[in-house]
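One letter stands for each residue in the lines below.
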Amino acid sequence: MNDAMALARWACETMMGRFAPQDLPPKGHFHYHQGVFLWGMLQVWQLDGNKELLDYARGWLDAVLGPDVTPRDFVPGELDDIQPGNLLFPVWEATGDPRYRRAMDAVYAQYARIPRCACGGYCHKPDLPGQMWLDGLYMGGPFLARYAALTGQPALWQQVAEQIFLMARNTRDDATGLWRHAWDETRRAPWADPGTGCSPEFWGRSLGWVPLALLDDLDAMPAGFAPREQILALLQSLLHSLCRYQGEDGRWYQVVDKAGAAGNWPENSCTCLFAAALYKAVRLGYLPPSLLPAAGRGYDGVVRSLTGQDGEFCLGQVCIGTGVGDYRYYCGRPVSTNDLHGMGAFLLMCTERERLHRAR
């Protein structure tokens, strides 16, 4: 079974059969793990119209939103606990339920509680002062960009752009064109380079969030918004650079620039994210079609790695949630099967492949 939408449906059915929506882990917490997976599921619903998928995502939202539509369990001001707010947009548009519109305002209110670095960048977590992580661009940017479009607040688009430019300025490596996982302006973190404040490695999934964040941000920004061209140039440069580091079997590696090095291994979630970004960027005319073979090799590499067990879809070789560290740390991280990071990333890859197919 190699059809992208058939695989995406199989993945959704497997997870729906394994978890009631309210039981998705971490149970009850308004968190990006569920947000990433359910965002992918909603992309499948938008393409095939299966209302069960919409109802499943809505069921999770209803379970985690309190009577006042504020999330019941979340960390105030933490970017990871803002990302699920993106689900509210398509669910509200589909249902017209005013609770979801009010919930958007509740999520937006959290931006005032995000601690800032001295440079103005969002700290990735409230307990990590001075640290910006690549993941934060995906966790915080797209919701704010969509909310700006919904409410007509152009200053919020400028805020999204400033976060992108700060991240690029502090993490982008000129030699490779890749962005390092994290930056500590205080230089106090054990992984921080004393001169640059950067972490030492290019971790796959953190890099995967970046082009998808930029693409989602651009979707919500108007054509006349001045920073668009600079954001687009960063997107194009990063995706071109990533193509140089693709592994022999089509997948990208846990530490991206060291494919085949001792201890390193092909990682499926970052491969899915890179392929999804390439498909979408080509479809929108941001990249030439000559980069499509790289996306196709990534897709094929992931599909070849799939296994079926008792009729269930099984996606392995996905790194569990990870902090910042050195090469040995990343290579030693455990892997999981049907982890929500990986399943969400897989659904994004399949649906972007399908959207490109339909557009062509």
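Everything numeric in this text was worked out from a predicted model, so none of it was measured. (Residues numbered from 1 in each chain as written. Predicted model: local features only at pLDDT ≥ 70, side-chain atom pairs only at ≥ 80, totals over all residues. Heavy atoms only, no water.)

Participant: Kindly report on unusual backbone geometry, identifying the contributing residues and their values.
Facilitator: Note that the residue after P25, namely P26, is joined by a cis bond; omega there is -5°. Of note, P26 is situated in the loop between helix 1 (4-18) and helix 2 (32-48). Of note, the phi angle at R187 is positive, near 65°, even though the residue is not glycine. Mapped onto the secondary structure, R187 falls in the loop between strand 2 (182-184) and helix 8 (204-220). Positive phi, normally seen in glycine, also occurs at N338, with a value near 60°. Within the secondary structure, N338 sits in the loop between strand 6 (335-336) and helix 13 (340-359). On the accessibility criterion, N338 (6% relative accessible area) is buried. (Helix = DSSP H or I, 4+ residues; strand = E, 2+ residues; numbered from the N terminus. Buried < 20%, exposed > 50% of the residue type's maximum accessible area, 1.4 Å probe, protein only.)

Participant: Let's hear about helix 7 (residues 154-171): which residues, and what values?
Facilitator: The end-to-end C-alpha separation of helix 7 is 26 Å, in line with the 26 Å expected for 18 residues at 1.5 Å each. Here helix 7 lies mainly inside the structure; 13 of its 18 residues are buried. (Expected span 1.5 Å × (residues − 1).)

Participant: Help me get a handle on the pattern of salt bridges, residues and values and all.
Facilitator: Considering all chains together, one arrives at 22 salt bridges under this definition. Its salt-bridge partner being K51, residue D55 comes within 3.0 Å of it at the nearest N-O pair. Taken together, the residues D55 and K51, both in helix 3 (residues 51-64) and four residues apart, mark about one turn of the helix. Judged by its relative accessible area of 35%, D55 is partly exposed. The network of salt bridges with shared partners includes R58, D62, D97 and R99. (Salt bridge = Lys/Arg side-chain N within 4 Å of Asp/Glu carboxyl O.)

Participant: I'd like a rundown of the nonpolar core, residues and numbers included.
Facilitator: In terms of nonpolar packing, the biggest core is built from 123 residues, with F37, W179, L207 and F346 touching the most fellow members. In this structure, A182, A189, W191 and V324 belong to the second largest nonpolar core, which totals 13 residues. (Core = buried A, V, L, I, M, F, W, Y, C linked by side-chain atoms within 4.5 Å.)

Participant: So what's going on with the side chain of S269? Residues and values would help.
Facilitator: Relative to the assigned elements, S269 resides in helix 10 (residues 268-283). Contact partners of S269, with chain neighbours within four places excluded, come to R205, V318, G342 and A345. (Contact = heavy atoms within 4.5 Å.)

Participant: So what's going on with the packing of helix 5 (residues 98-108) against helix 6 (residues 135-151)? Which residues, and what values?
Facilitator: For any two helices packed against each other, the geometry is given by the interaxial angle and the distance between the axes. At a minimum axis separation of 11 Å, helix 5 and helix 6 run at an interaxial angle of 125°. Regarding the angle of helix 5 to helix 6, the classification is oblique. For the pair helix 5 and helix 6, the crossing hand works out as left-handed. Contact with helix 5, carried on its side by R101, M104, D105, V107 and Y108, involves F143, L144, Y147, L150 and T151 of helix 6 and no other residues of that element. Of the residues that constitute the contact of helix 5 with helix 6, the class distribution is seven nonpolar, one polar and two charged. (Axes fitted to C-alpha atoms, helices over the stretch in contact; angles between N-to-C directions. Parallel < 35°, antiparallel > 145°, perpendicular 65-115°, else oblique. Left-handed = near helix turned anticlockwise from the far one by under 90°. Nonpolar A, V, L, I, M, F, W, Y, C, P; charged D, E, K, R; others polar.)

Participant: Could you give an account of the side chain of Q110, with specific residues and numbers?
Facilitator: Within the secondary structure, Q110 is located in the loop between helix 5 and strand 1 (131-133). At 3.1 Å, the side chain of Q110 forms a polar contact with the backbone nitrogen of G77. (Polar contact = N/O pair within 3.5 Å; in protein donor to acceptor, adjacent residues only side chain to side chain.)

Participant: Lay out helix 4 (residues 88-95) with the relevant residues and their values.
Facilitator: Along an α-helix, a turn takes 3.6 residues, which lines up residues three or four apart on a common side. Taken together, the buried positions of helix 4 are L88, F89, P90 and V91. Among the structural elements, helix 2, helix 3, helix 5 and helix 6 are those in contact with the buried residues of helix 4. Just downstream of helix 4, G96 is the residue with a positive phi angle, here 70°.

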